[in-house]
Amino acid sequence: GDFVDQIEVDHCLYFIQADVSGKGVAASLVTAQAIALFELFARDCLEVTQLAKQMNRELKLSGIGSRFLTAFIGKLDYESFILEYLNCGHGDAIIHEIGDTEDPFVSTSKGPPLAVLSDAQFHFEAESIDFRNKRLWVVTDGIAEAKSPKGLELGLVGLTVMANKLSQL
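Parameters at a glance
- Residues numbered from 1 in each chain as written.
- Predicted model: local features only at pLDDT ≥ 70, side-chain atom pairs only at ≥ 80, totals over all residues.
- Heavy atoms only, no water.
- Axes fitted to C-alpha atoms, helices over the stretch in contact; angles between N-to-C directions.
- Helix = DSSP H or I, 4+ residues; strand = E, 2+ residues; numbered from the N terminus.
- Parallel < 35°, antiparallel > 145°, perpendicular 65-115°, else oblique.
- Left-handed = near helix turned anticlockwise from the far one by under 90°.
- Contact = heavy atoms within 4.5 Å.
- Nonpolar A, V, L, I, M, F, W, Y, C, P; charged D, E, K, R; others polar.
- Pairing = 2+ DSSP bridges.
- Buried < 20%, exposed > 50% of the residue type's maximum accessible area, 1.4 Å probe, protein only.
- Core = buried A, V, L, I, M, F, W, Y, C linked by side-chain atoms within 4.5 Å.

**A closer look at the packing of helix α1 (residues 24–43) against helix α2 (residues 48–61)**
Logical step 1: Where α1 contacts α2, the axes come no closer than 10 Å and their chain directions differ by 140°. Regarding the angle of α1 to α2, the classification is oblique. α2 is crossed by α1, and the crossing has right-handed handedness. Facing Gln33, Ala34, Leu37, Phe38, Phe41 and Ala42 of α1, the residues of α2 in contact are Leu51, Gln54, Met55, Glu58 and Leu59.
Logical step 2: Tallied by class, the residues present in the contact of α1 with α2 amount to 8 nonpolar, 2 polar and 1 charged.

**Examining the sheet that holds strand β6 (residues 105–107)**
Logical step 1: Strand order in this open sheet of 3 strands is β6-β5-β8, and the pairing throughout is antiparallel. In the strand order of this sheet, the two ends are held by β6 and β8 (134–138), each with one partner. Across the sheet, the mean angle from the axis of one strand to that of its neighbour is 20°, orientation sign disregarded.
Logical step 2: Sheet topology places strand β5 (residues 93–97) next to β6; 3 bridges connect them, and they run antiparallel. Note that in β6 the partner of isoleucine 95 across the bridge is phenylalanine 105.
Logical step 3: Packed onto the sheet, helix α4 (residues 155–165) meets β5, β6 and β8 and runs at close to 25° relative to β5.

**Some words on the environment of serine 80**
Logical step 1: Relative to the assigned elements, serine 80 resides in the loop between β3 (69–77) and β4 (82–88).
Logical step 2: Its relative accessible area of 28% is what places serine 80 among the partly exposed residues.
Logical step 3: Sequence-wise, serine 80 and cysteine 45 are 35 residues apart; in three dimensions their C-alpha atoms are separated by 15 Å.

**What to know about the sheet that holds strand β2 (residues 12–20)**
Logical step 1: Read across the open sheet, the 5 strands follow the order β1-β2-β3-β4-β7; overall the sheet is antiparallel. In the strand order of this sheet, the two ends are held by β1 (2–9) and β7 (127–130), each with one partner. Sheet twist, expressed as the mean angle between neighbouring strand axes with direction ignored, is 15°.
Logical step 2: Pairing between β2 and β3: 9 bridges, direction antiparallel. The residue of β3 that forms the bridge with valine 20 is leucine 69.
Logical step 3: The sheet strands contacting α1 are β1, β2 and β3, and the helix crosses β1 at an angle near 15°.

**Side note on the nonpolar core**
Logical step 1: The biggest cluster of nonpolar side chains holds 32 residues, and the ones touching the most others in it are Leu51, Met55, Leu69, Ile73 and Leu114.
Logical step 2: Elements supplying a minimum of two residues to this core: β1, β2, α1, α2, β3 and β4.
Logical step 3: If one sorts the elements of this core by residue count, α1 sits on top with 7 residues.
Logical step 4: Those residues in contact with isoleucine 73, other than ones at most four positions away along the chain, are Phe15, Ile16, Phe38, Val48, Leu51, Ala52, Met55, Glu84, Tyr85, Leu86 and Leu114.
Logical step 5: Ranked by size, the runner-up nonpolar core spans 9 residues in total, among them Phe15, Leu76, Ala93 and Ile95.

Right under this line is the structure:
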């Protein structure tokens, strides 16, 4: 159920990393539906909050049952270098200054997964930052829960260490 998608529209890059609950054919169908909705609403140049709200509405109305998806949705404006993003129940994301080996900024989820709340209950606002000289690390639970050679879970601490080591890229 994990997927990543991106689409360029005008001077913006829209992107999503998400994880659909469950496995098998049902989860695959929800994944395909979510990708189609993401691309449809991104082509309309919606702001991230509105894009997430529209996806939430359509997924909830489509009757996907108990399925839901966690999602990190973003929009990077190439002209202003403003990154607008919303974390809907997805794992923590790291925003790291290039060359900075100190602790990066960690963005936690601001709302529940998509397809959980009704349209009237969906009241979450995207965050935005100046993204010049920064890198974004968004990973699925499969990476965050990966084990090191010593058998320890990578987690946020391990991801932060990796971001620090690769901060010059």
